[in-house]
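Structural overview
Next come the chains, spelled out residue by residue.
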Amino acid sequence: MLELLEALKELMEMIRQLETAIEAEKNNPESISPELSKKLEAYKNLKASLEILYQDAEIERELLRPPYSEDDIKEKVKELISNTEDKVTKRKLKKTYIAFKKALKSSKIAWETKSCDKLFLRYFPMFEPPLRAIKLPVLPVEPIPVPDIEVEIKPIPIPDPILIDDEIRFGNKLLKEFPNGLTVIFYEIDDDVNLEIFKNGSGRWAREQKAIGFTGSTPTVDSVKIGIAMPEYIQKKSAGVGNSITSLGAFVKKCMTKAHRYNNQTYYTPEIENPVFEMADDAYLFKTVALASHGWIDGISINSGPKGEELNSDNIEAFIKNCSPYMSSDVNIIFYSCTAASDWANNDSTSDGGSESLIAKAIGALAKLGHLEGEAWGHTTVDGYFHNKDLRYFKVSDGYEGVYQGRSYMRYCYGDFIEADIKVILDLIKENHSAVYNRVGEEQLRILIDEEIIFDFSDCYNAAFSRGIIITHKIKGTELRRKLSEIAPIAPEEVKDIIVKYRSTWKKRYTYSTIVRTVISKL
């Protein structure tokens, strides 16, 4: 604002100098230089513009207006209605004004405030926002006649309101419950012996993780529920997990989008309790997809459709491609299935691996389809599908030239401890057995040391999981108390903290000197 005032001062000084030059021109026209003549011409144009701008100025003129008062708004709306010939538009404008006052009252916004201005312009965007005030002196100019101009005021078309329905109400509920994405879990039903185990365990998981699902054959407002697990297929195998994800994803997207549009109508106040006005780009996408079933290295016994086949290395890419439009860029696919993260020759959870596994193929498919922050979890051994501690996790970002290898979760937890012990032992060998150190080399010695100490870390890790240690985990507003193996794929950092803490109570079953002697004896 100060810069504006300075500029106006300079303009006033220029005008004063030019007025002096005009007087000189009247007395002696030959004394006027060409340069000054150009200035005089510019002044004449400027003067004409200023005369129009300030023709109605008083002693003090407000260049910028204060906020609209209640009378200002009432007068503007009244004038707008009176200048509108169309009766339907007149009625809509009156209803809009009533809705504006109702919103003002319910929001406890005072008249003649910035918030009032903002709300008014949301309902009546055809008006200019009132600007805030500074006052400037009026230039002493003579008004020039301005011809009358006839302006035709055309009625502004106001769109018909979006009418509320059950899908909008349900969509608003979903926007409140899931502002950052959805969770879903499917379980195997073709195993009569273990059906109740799969069904009950998945149902409990779904309730605690607020998984979304539907009953019946089609997702509707009545059939979609929060906190339920879904069977691998509803009525027939041709409608497997892939079909359920796409149909549920499409329905949720429809409801959320309708609610977002309804809540953000320009001329109308949403008639819904606690409307949610914001919607994240990935709000309707699945962030977590869990599959609970039997499994093997290159497949699981979950039906993927559309031909009723089980999910395996041959069809996993087609399955991911089908579901991809409804998966977030950082989707986490959890395979609560035996050996789905294992290699044919390596099911050791203390080591990285799994490049031949079903999960590696799934991660490759996610990479091709642009889910660059995606990850997946699975088991390397045969054990309880929720309580298997032998975990590997795979990340799209870890891939190299199309090969995706899983990381050992045990090493992820204890990696710093393992590296610290290896370094101490390497230093002892270098100091006391320098000839061996130089002959064998540090890289090979690291491998040998790791082979000797990893069993102790594995025993400690297994003990932490198997001794009934549970995690109290608050996720999506719900406090859970579950075994570490079940929660690790959902909250890996929190589980890691517990595993690391347990290590501090663990008594090592080796000494550095013992490991040095063992390694040297092998060489």
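Residues numbered from 1 in each chain as written. Predicted model: local features only at pLDDT ≥ 70, side-chain atom pairs only at ≥ 80, totals over all residues. Heavy atoms only, no water.

1. Digging into the overall build of the protein
Applied cut-off: For the purposes of this entry, the term helix denotes a DSSP run of H or I that reaches at least four residues, the term strand denotes a run of E that reaches at least two, and both are numbered from the N terminus. Any two residues whose heavy atoms approach within 4.5 Å at even a single point are treated as in contact.
Summing up its helical and strand segments, the protein has 16 helices and 16 strands in all. For the protein, restricting intrachain contacts to residue pairs at least 6 apart in sequence, the fraction spanning at least 24 positions comes to 71%.

2. A word on a negative patch on the surface
Counted only if it meets this: Patch definition: residues above 30% relative accessible area lacking any salt bridge, with like charges linked at up to 9 Å and the nonpolar side chains Val, Leu, Ile, Met, Phe, Trp and Tyr linked at up to 5 Å. Using the Shrake-Rupley algorithm and a 1.4 Å probe, accessible areas are obtained, with residue cover drawn only from the displayed protein chains. Salt bridges are defined as contacts in which a side-chain nitrogen from Lys or Arg sits within 4 Å of a carboxyl oxygen from Asp or Glu. His is not counted here, nor are the chain ends, while Lys and Arg score as positive and Asp and Glu score as negative. Working definition for charges: the position is that of NZ of Lys, CZ of Arg, CG of Asp or CD of Glu.
A contiguous patch of negative charge on the surface is contributed by Glu-70, Asp-71, Asp-72, Glu-75, Glu-79 and Glu-112. Counting through the fold element by element, Asp-72 comes out in helix H3 (residues 70-82).

3. A closer look at the nonpolar core
For soluble globular proteins, the rule of thumb is that nonpolar side chains tend to be buried together. Selection rule: Among the buried residues, those of types Ala, Val, Leu, Ile, Met, Phe, Trp, Tyr and Cys that are joined through side-chain atoms within 4.5 Å form a nonpolar core. Any residue under 20% of the maximum accessible area for its type is buried, any over 50% is exposed, and the rest in between are partly exposed; the area is computed with a 1.4 Å probe on protein chains only.
Counting residues in hydrophobic clusters, the biggest one holds 55 residues, and the most contacted among them are Leu-248, Met-256, Phe-286, Leu-291 and Phe-335. Not counting the four nearest positions on each side in its chain, Leu-291 is found in contact with Phe-186, Val-241, Ile-300, Ile-302, Leu-311, Ile-334, Phe-335, Tyr-336 and Ser-337.

4. Notes on the packing of aromatic side chains
Here is the rule: Each Phe, Tyr or Trp ring, with Trp reduced to its six-membered ring, pairs with another whose centre is within 6.5 Å; inter-plane angles below 30 degrees give stacked pairs, above 60 give edge-to-face pairs, and intermediate values give tilted ones.
The tally for this structure, following the rule as stated, stands at 16 aromatic pairs. Seen in terms of ring centroids, Phe-100 and Tyr-123 are 6.0 Å apart; in terms of plane orientation they differ by 65°. Their pairing is edge-to-face. Here the residue Phe-100 occupies a position in helix H4 (residues 87-106), and Tyr-123 occupies one in helix H5 (residues 114-123), the gap between them amounting to 23 residues. Using a relative accessible area of 3% as the deciding quantity, one classes Tyr-123 as buried. Relative to Tyr-412, the ring of Tyr-393 has its centre 5.5 Å away and its plane inclined at 75°; by these criteria the two rings are edge-to-face. Linking Tyr-393 in strand S13 (residues 391-395) with Tyr-412 in helix H11 (residues 409-432), this pair joins segments that are 19 residues apart in sequence.

5. Structural notes on the packing of helix H6 (residues 166-177) against helix H8 (residues 241-263)
To keep things clear, this is the line we draw: Simply put, an axis is a line fit to the C-alpha atoms, just over the touching stretch for a helix, and the angle between two N-to-C directions goes from 0 to 180 degrees. Orientation is classified from the angle alone, with under 35 degrees giving roughly parallel, over 145 giving roughly antiparallel, 65 to 115 giving roughly perpendicular, and any other angle giving oblique. When residues are sorted by character, Ala, Val, Leu, Ile, Met, Phe, Trp, Tyr, Cys and Pro go into the nonpolar class, Asp, Glu, Lys and Arg into the charged class, and all the rest, Gly among them, into the polar class.
The contact between H6 and H8 brings their axes to 7 Å, and the two run at 95°. Relative to H8, H6 is oriented roughly perpendicular. Judged by residue contacts, Glu-167, Ile-168, Phe-170, Gly-171, Asn-172, Leu-174 and Leu-175 of H6 engage Phe-251, Val-252, Lys-254, Cys-255, Met-256, Lys-258, Ala-259, His-260, Tyr-262 and Asn-263 from H8. Residues that form the contact of H6 with H8 fall into these classes: 10 nonpolar, four polar and three charged.

6. Considering the confidence of the model for the protein
Put simply, the rule reads: Confidence scores labelled pLDDT are given residue by residue by the predictor and lie between 0 and 100.
Averaged over the protein, the pLDDT score is 82; the fraction of residues at 70 or greater is 77%. Low pLDDT (under 50) marks residues 53-64, which in the prediction has 26 contacts with non-local residues, meaning those over four places away or in another chain. Note that residues 131-136 has pLDDT below 50 and, in this model, 25 contacts with residues that lie over four places away or in other chains.

7. Some details on the sheet that holds strand S8 (residues 295-296)
Put simply, the test is: A pair of strands is treated as paired once DSSP finds two or more bridges between them.
Overall, antiparallel pairing links the three strands, which are arranged S8-S9-S10 in an open sheet. Either end of the sheet is taken by a strand with one partner, and the two such strands are S8 and strand S10 (310-312). Pairing of S8 with strand S9 (residues 299-303) involves two bridges; the strand directions are antiparallel. Residue Trp-296 lies in a different strand from S9, and its bridge partner there is Gly-299.

8. Let's talk about unusual backbone geometry
A positive phi angle, close to 60°, is found at Glu-112, a residue other than glycine. Structurally, Glu-112 is set in the loop between H4 and H5.

9. Description of the pattern of salt bridges
As a working rule, side chains carrying opposite charge can pair if their charged atoms are close by. If you walk through the whole model with that rule in mind, you get 21 salt bridges. With its nearest N and O atoms 3.3 Å apart, the salt bridge here joins Arg-169 to Asp-166. Placement of the pair is Arg-169 and Asp-166 together in helix H6, with a separation of three residues, close to one helical turn. Among the ionic pairs, Arg-446 bridges to Glu-442, the shortest N-O distance being 3.5 Å. Here Arg-446 and its partner Glu-442 are both found in helix H13 (residues 442-466), four residues apart, which amounts to about one turn of the helix.

10. Here's the deal with helix H10 (residues 358-368)
Of all 11 residues in H10, nine are buried, a share of seventy percent or more. Burial in H10 covers these residues: Leu-358, Ile-359, Ala-360, Ala-362, Ile-363, Gly-364, Ala-365, Leu-366 and Ala-367. Buried-residue contacts for H10 involve S9, S10, helix H9 (316-323), strand S11 (327-336), strand S12 (375-379) and S13. Immediately beyond the C-terminal end of H10, within one or two residues, lies Gly-370, with a positive phi of roughly 90°.

11. What about the sheet that holds strand S3 (residues 182-187)?
Read across the open sheet, the seven strands follow the order S6-S3-S7-S11-S12-S13-S14; overall the sheet is mixed. Of all strands in the sheet, those bounded by a partner on one side alone are strand S6 (230-231) and strand S14 (407-408). As defined by bridge partners, strand S7 (residues 286-292) adjoins S11 across six bridges and the pair is classed as parallel. By the bridge assignment, Phe-286 is partnered in S11 with Met-327.

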